There are 2 protein chains.
Amino acid sequence: METEKIVEAMRECVGATDVVGNAVEMAHHLIDWRKRHSGVAACVVFPRSVEQVSRVLAFCNANGIKVFPQGGNTSVCGGSVPDANGSSILLNLAKMNRIVELNAADNSVTVEAGCILADIQQAALDADRMFPLTLGAEGSCQIGGNISTNAGGTNVVRFGNTRDLVLGLQVVLADGRIWNGLRTLRKNNSGYDLRNLFVGAEGTLGIVTAASLKLYPRPCAKATTMLGFHDVRAAVTEGVKLQARFPSELVGLEVISRSEFEISLKHAAKTRNPFEKTPEWVVLVELAATSGSSEALTDQLTDYLRGSFEEGTIQDAVVASTEQQRADLWKIRHSVTESNMKEGMGLTHDIAVPTYRIPDFVEQAGEALARHYPDTVPVVVGHMGDGNLHYIVMFSHEHWARISDKPRTQLELSHLLYDIAAGMGGTFSAEHGIGALHVPEMSKYKDPVEVALMQSIKNLLDPLDTMNPRRVLPK
Amino acid sequence: METEKIVEAMRECVGATDVVGNAVEMAHHLIDWRKRHSGVAACVVFPRSVEQVSRVLAFCNANGIKVFPQGGNTSVCGGSVPDANGSSILLNLAKMNRIVELNAADNSVTVEAGCILADIQQAALDADRMFPLTLGAEGSCQIGGNISTNAGGTNVVRFGNTRDLVLGLQVVLADGRIWNGLRTLRKNNSGYDLRNLFVGAEGTLGIVTAASLKLYPRPCAKATTMLGFHDVRAAVTEGVKLQARFPSELVGLEVISRSEFEISLKHAAKTRNPFEKTPEWVVLVELAATSGSSEALTDQLTDYLRGSFEEGTIQDAVVASTEQQRADLWKIRHSVTESNMKEGMGLTHDIAVPTYRIPDFVEQAGEALARHYPDTVPVVVGHMGDGNLHYIVMFSHEHWARISDKPRTQLELSHLLYDIAAGMGGTFSAEHGIGALHVPEMSKYKDPVEVALMQSIKNLLDPLDTMNPRRVLPK
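Quick notes on the rules
Residues numbered from 1 in each chain as written. Chains lettered and ligands numbered in written order. Predicted model: local features only at pLDDT ≥ 70, side-chain atom pairs only at ≥ 80, totals over all residues. Heavy atoms only, no water. UniProt positions renumbered as here; feature names shortened; annotations may be inferred. Contact = heavy atoms within 4.5 Å. Buried area = accessible area lost by both parts, 1.4 Å probe. Salt bridge = Lys/Arg side-chain N within 4 Å of Asp/Glu carboxyl O. Polar contact = N/O pair within 3.5 Å; in protein donor to acceptor, adjacent residues only side chain to side chain. Helix = DSSP H or I, 4+ residues; strand = E, 2+ residues; numbered from the N terminus. Nonpolar A, V, L, I, M, F, W, Y, C, P; charged D, E, K, R; others polar. Pairing = 2+ DSSP bridges. Axes fitted to C-alpha atoms, helices over the stretch in contact; angles between N-to-C directions. Buried < 20%, exposed > 50% of the residue type's maximum accessible area, 1.4 Å probe, protein only. 1 Å grid on protein atoms, 1.4 Å probe; cavity = no way out; pocket = protein on both sides within 12 Å on 5 of 7 lines; lining within 4 Å. Points joined across faces, edges and corners; volume = space filled by probe spheres on them. Domains from an automatic or database assignment. Left-handed = near helix turned anticlockwise from the far one by under 90°. Parallel < 35°, antiparallel > 145°, perpendicular 65-115°, else oblique. Least-squares fit on C-alpha atoms with pLDDT ≥ 70 in both.

- An unreviewed UniProt entry lists chain A under the name FAD-binding oxidoreductase, with Trinickia dinghuensis as the source organism.
- Among the UniProt annotations of chain A, the heading Sequence similarities (unreviewed entry) holds the following wording: "Belongs to the FAD-binding oxidoreductase/transferase type 4 family."

Spelled out as structure tokens, the structure:
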């Protein structure tokens, strides 16, 4: 269909003011925030209701127009921009951003898919509750995108992935049918669990338009420490011990390599090194509790650390005693992505292995890199409690510029690392998802029966391949 | 196919000694433990490996033989016995009962589907860990059945349903293909979540043959109290407060009506009333912690209760100060099912509503019963923290014997109650599942789009309707 006709049809579906077709206004929707993936589209459509989404999908499905869904456009694997075809539409949920109902007694909140994550967090706090999903992009990412990618972040060690926080969903299917599965029940064994089929499907099976989410009591006490270790094995051993000692209170357990730590301190404004001597590995620990005081929780943590210190497993430790000190420690962690972009060309590998295998992975990956890519630096930051490492291979900008076949280098390097993770029962995509970037790995690393099952489900729910085509699954 | 030929074929699949075809040995597999549902089968097949299960399913699927899966046969809705056809097989997983690997450092255990739940709990304790799933039938139910029905129980308030404890699955599909999805990763965003499609599918989409499960640190401290209330509204108000005050420690929050409490005390051996004056509503509370002592945790609980007591919300409270006292309080709760069977004919309704609506449900259901079934007694026991009530309508044996059209009475009564739950955003099946009994409610209470989606998934994965036919979904 011609672009003009598509735009006209979309205006009929959602109203003229909510369809954007000019190049200037569309531009920032067509490229990802790291400027690594881009595409084109006939227009960007901003529906305001589930009925409008239904009309858009029914029309597109019936007329062979592909639909690329977009939330806050914070994907790191090309999952939030359209492809190069141009005669498709980009469906952005930003104007469906109402908090429909927050019920503190029920510990639940029902929201439209375009709600910014930080707005949901704030609404929960205002009701003396907590919505535990927290991640770097929380100021701009939309909950619909979080749900569609089963987003992770720093609280997973205690509260699980986004999947674990979703009680109910409203979804528009490829043909425009609306599944109203919004509910806040904690138990409901009445047939197949469709909810988890759409969570993490990256918009390839339908559009999540609203969700009912779990809330938790708001913590009133926090304790934060940054620990230094001689090697990664000591760091992981201590992390496992912390998980066993504080299974309910441990809400954050982040690991940072010396290389990453130094890059963050070098490029991020207003950071300073809390250690006199920078350790080889750094672990950031946060405890939270819903009773008692931060002072008492910090005392508990300090008592515990004293024991580990005497055993000699910890090399150095900094305990935050004020809110400012706590913020300063987290600032180093939260600055890594922006700092890495300034440092060079970092190729990120979002792997996971069982937590206790992290030291083996780091050792084997380091050896492989030294052998095959001697001029690169391994830079590691990860959610240790979930076995999830962002293993970043850092090329200097000059080095990267000299590489002639960049896609090939990227593919070969990543398979070198993914092979190691796979050998440990691990995965090549822990929390970032597949998007456009990791489709080849789906064929290479997944069980063929599993991929065939996924393809048959895609074909069942979207037989005309309308939704986010060529994403997630190999043909 | 003739019975003899089916038996012969099954012997070729699994070996002669693992096929049982004579009526005497088959008898207890063909009727449920409450003697309410029964069926017939050509034989009972006991595979010893995933390859044998694969062979059995491939043969049955190719030859039009229906397969009814069975675990510990503890279903309460006719989900674990075959239908009346007779030319089908019953596939019992009892001989696949190995604990394949327990890894304490990884907090995971991988087991075959026929493992008895209590054996898994014990293996976890032996490794200084805990597998939190706990329910009345734990001494005989199999984990494959727990997974296939997404079993609930008394720990859900803290650790979630079985679904939340499953890290990975091995499943044999209707056509005999094996999906090897066994893994222990906490994060894995690589395509659709097939795992949750099979959890709770009640064996209609394939046979779960093995699972990787989450373990937790073993608690070293417990505190238990039984509270008495004047009315259900006060009981729920206090329960919500307890959840907010002890969100990490609260592992059990059970509610019992006076009628149920008295039935349990009347019929169960070695129970005694801990209260001087029996309250209208009883709440059993258990806290657990992985540090500190039971004495300290009990002190915390007692301090808290003193406050509630002074506010006048709690009428009476008994705090266990020894392990024996704790066991005595739980004994009353655990005796309800057997006691109800002695008391009369109890029709159980496994409903859930948002927790804070429990008082409304109890009030409205009580009024409806008094109006339409004046000679019955409402008997209530439930997992209050999850909004899940087992709302039992008790007929005396004599009264029940006089009712001419029992199925019709059962259906009309249940729809009276389910209508009330549905009006509060609730469900007619919280944790027991659908089985054969609740298929009519799937059409009546579920969103038609949702049922159509489920039917299309069933048709995709089991196009010849080999697996557990006429269970879960209406035709």
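Having seen the structure, we can now continue with the description.
## Quick word on the interface of chain B and chain A
How big an interface is tends to be stated in terms of accessible area lost as the parts join.
Inference 1: Across the boundary between the two partners, chain B contributes 78 residues, which contact 77 residues of chain A.
Inference 2: Looking at the side of chain B facing chain A, the largest losses of area belong to K187, N189 and Y192 of chain B, adding up to 17% of the total buried there.
Inference 3: Remark: the boundary between chain B and chain A carries 8 salt bridges.
Inference 4: Connecting chain B to chain A are 38 residue pairs in polar contact (both at pLDDT 80 or more).
Inference 5: Those elements giving two or more residues to the side of chain B that touches chain A turn out to be α6 (156-159), β9 (178-181), α7 (195-198), α8 (232-245) and α17 (448-461) of chain B.
Inference 6: Sort the elements by how many residues they give to the side of chain B that touches chain A and α17 of chain B lands first, with 10 residues.
Inference 7: Taken together, the residues of the side of chain B that touches chain A sort by class into 32 nonpolar, 29 polar and 17 charged.

## Some points on the sheet that holds strand β15 (residues 316-319) of chain A
Neighbouring strands of a sheet are bound in pairs by backbone hydrogen bonds; such pairs are parallel or else antiparallel.
Residues and elements named next belong to chain A.
Inference 1: Reading across the sheet, the 7 strands line up as β15-β12-β14-β13-β17-β18-β16 and stay open at both edges, with antiparallel pairing between neighbours. Among the strands making up the open sheet, the edge pair consists of β15 and β16 (345-352). Sheet twist, expressed as the average angle between the axes of neighbouring strands with direction ignored, equals 15°.
Inference 2: As paired strands, strand β13 (residues 250-257) and strand β14 (residues 281-289) are joined by 7 bridges and run antiparallel to one another.

## What to know about the pattern of salt bridges
Inference 1: Across all of its chains, the model carries 56 salt bridges over all chains by this definition.
Inference 2: Taking the shortest distance from any N to any O, the salt bridge between R306 of chain A and D303 of chain A comes out at 3.2 Å. Taken together, the positions of R306 of chain A and D303 of chain A, both in helix α10 (residues 294-311) and 3 residues apart, correspond to about one turn of that helix.
Inference 3: On the basis of relative accessible area, R306 of chain A is assigned to the partly exposed category, the value being 46%.
Inference 4: Overall, the relative accessible area of 49% leaves D303 of chain A in the partly exposed class.
Inference 5: Across the pair R333 of chain B and E254 of chain B runs a salt bridge, and its minimum N-O distance is 2.6 Å.

## Notes on empty space enclosed by the protein
Inference 1: Under the defined criterion, the tally for this structure stands at 2 cavities of 30 Å³ or more.
Inference 2: Computed from the structure, the largest cavity encloses a volume of approximately 40 Å³.
Inference 3: If you go around the largest cavity, the residues you meet are S148, T149, N150, R163, G200, E202 and G433 of chain A together with N188, N189, S190 and G191 of chain B.
Inference 4: Partitioning the lining of the largest cavity into residue classes produces no nonpolar, 9 polar and 2 charged.
Inference 5: The computed volume of the second largest cavity comes to approximately 30 Å³.

## Some details on the domain arrangement of chain A
Inference 1: Once the domains are mapped, chain A shows domain 1 (3-92), domain 2 (99-217), domain 3 (221-336) and domain 4 (344-434).
Inference 2: Taken over C-alpha atoms, the centre of domain 1 of chain A sits 43 Å from the centre of domain 3 of chain A.

## Some thoughts on the packing of helix α8 (residues 232-245) of chain A against α10 of chain A
The packing of two helices is summarised by the inter-axis angle and the distance between the axes.
Residues and elements named next belong to chain A.
Inference 1: The geometry of α8 relative to α10 is characterised by a closest axis approach of 12 Å and an angle of 145° between their N-to-C directions. In terms of crossing hand, the pair formed by α8 and α10 is right-handed. For the pair formed by α8 and α10, the contact residues are E238, K241, L242 and R245 on the first element and Q300, L301, Y304, S308 and E311 on the second.
Inference 2: Here the residues of the contact of α8 with α10 sort into 3 nonpolar, 2 polar and 4 charged.

## Thoughts on the packing of α8 of chain B against helix α13 (residues 358-372) of chain B
Residues and elements named next belong to chain B.
Inference 1: Packing of α8 against α13 leaves a shortest axis separation of 9 Å and a crossing angle of 160°. Classed by the angle they form, the pair α8 and α13 counts as roughly antiparallel. Crossing angle aside, the handedness with which α8 passes α13 is right-handed. Contacts between α8 and α13 involve V232, R233 and V236 from the former and I358, P359, D360, V362 and E363 from the latter.
Inference 2: The residue makeup of the contact of α8 with α13, split by class, is 5 nonpolar, no polar and 3 charged.

## Re the side chain of T271 of chain B
Residues and elements named next belong to chain B.
Inference 1: Take T271: it is sitting in the loop between α9 (258-267) and β14 (281-289).
Inference 2: Classification of T271 as buried rests on a relative accessible area of 16%.
Inference 3: Apart from residues no more than four positions distant in its own chain, T271 is found in contact with S264, L265, K331, I332 and S335.

## Remarks on the relation of the copies chain B and chain A
Inference 1: The transformation that overlays chain B on chain A combines an axial shift of 0.0 Å with a rotation of 180°, and the residual RMSD is 0.0 Å. Taken together, these values place the two copies in the relation of a two-fold axis. Taking C-alpha positions as reference, the residue of chain B nearest the rotation axis is S248 of chain B, located at 2.8 Å.
Inference 2: When you check the interface residues of chain B against chain A, 99% turn up at the interface there too, and the contact is symmetric in its surfaces.

## Regarding the pairing of strand β4 (residues 89-92) of chain A
All names here are of chain A.
Inference 1: Side-chain alternation along β4 places I89 and L91 on one buried face and L90 and N92 on a second face that is also buried.
Inference 2: As paired strands, strand β3 (residues 67-70) and β4 are joined by 4 bridges and run parallel to one another. Residue pairing across strands places F68 opposite L90, the latter belonging to β4.

## Remarks on the environment of S396 of chain A
Inference 1: Turning to its location among the elements, S396 of chain A is positioned in the loop between β18 (388-395) and α14 (397-402).
Inference 2: In this structure the side chain of S396 of chain A is engaged in a polar contact, spanning 3.0 Å, whose partner is the backbone nitrogen of H399 of chain A.

## Quick notes on the side chain of E238 of chain A
Residues and elements named next belong to chain A.
Inference 1: Mapped onto the secondary structure, E238 falls in helix α8.
Inference 2: Looking at E238, its side chain comes within polar contact range of the side chain of S308, at 3.2 Å.
Inference 3: Filtering out sequence-adjacent residues up to four positions away, E238 remains in contact with L227, F229, Y304, S308, T313 and I314.

## Topic: the UniProt feature "domain: FAD-binding PCMH-type" (unreviewed entry) in chain A
Inference 1: In this numbering, the UniProt entry assigns the feature "domain: FAD-binding PCMH-type" (unreviewed entry) to residues 37-218 of chain A.
Inference 2: End C-alpha atoms of residues 37-218 of chain A are separated by 38 Å, and the span's content is 20% helix alongside 25% strand.

## Considering the sheet that holds strand β5 (residues 99-103) of chain A
Inference 1: Taken together, the 5 strands give an open sheet; going across it, the order is β5-β6-β10-β8-β9 (chain A), and neighbouring strands pair in antiparallel fashion. Strands with a single pairing partner mark the edges of an open sheet, and in this sheet they are β5 and β9 (178-181) of chain A. Shown here is a sheet whose adjacent strand axes are inclined to one another by a mean of 10°, direction ignored.
Inference 2: Where strand β8 (residues 166-173) of chain A and strand β10 (residues 206-214) of chain A come together, 7 bridges link them in antiparallel fashion. Residue pairing for β10 of chain A: V166 of chain A is matched across the bridge by L213 of chain A.
Inference 3: Most of the contacts of helix α4 (residues 117-126) of chain A go to β5 of chain A, to which it runs at about 35°, and overall it touches β5, β6 (108-112) and β10 of chain A.
Inference 4: This element, α17 of chain B, spans β8 and β9 of chain A of the sheet and lies at about 105° to β9 of chain A.

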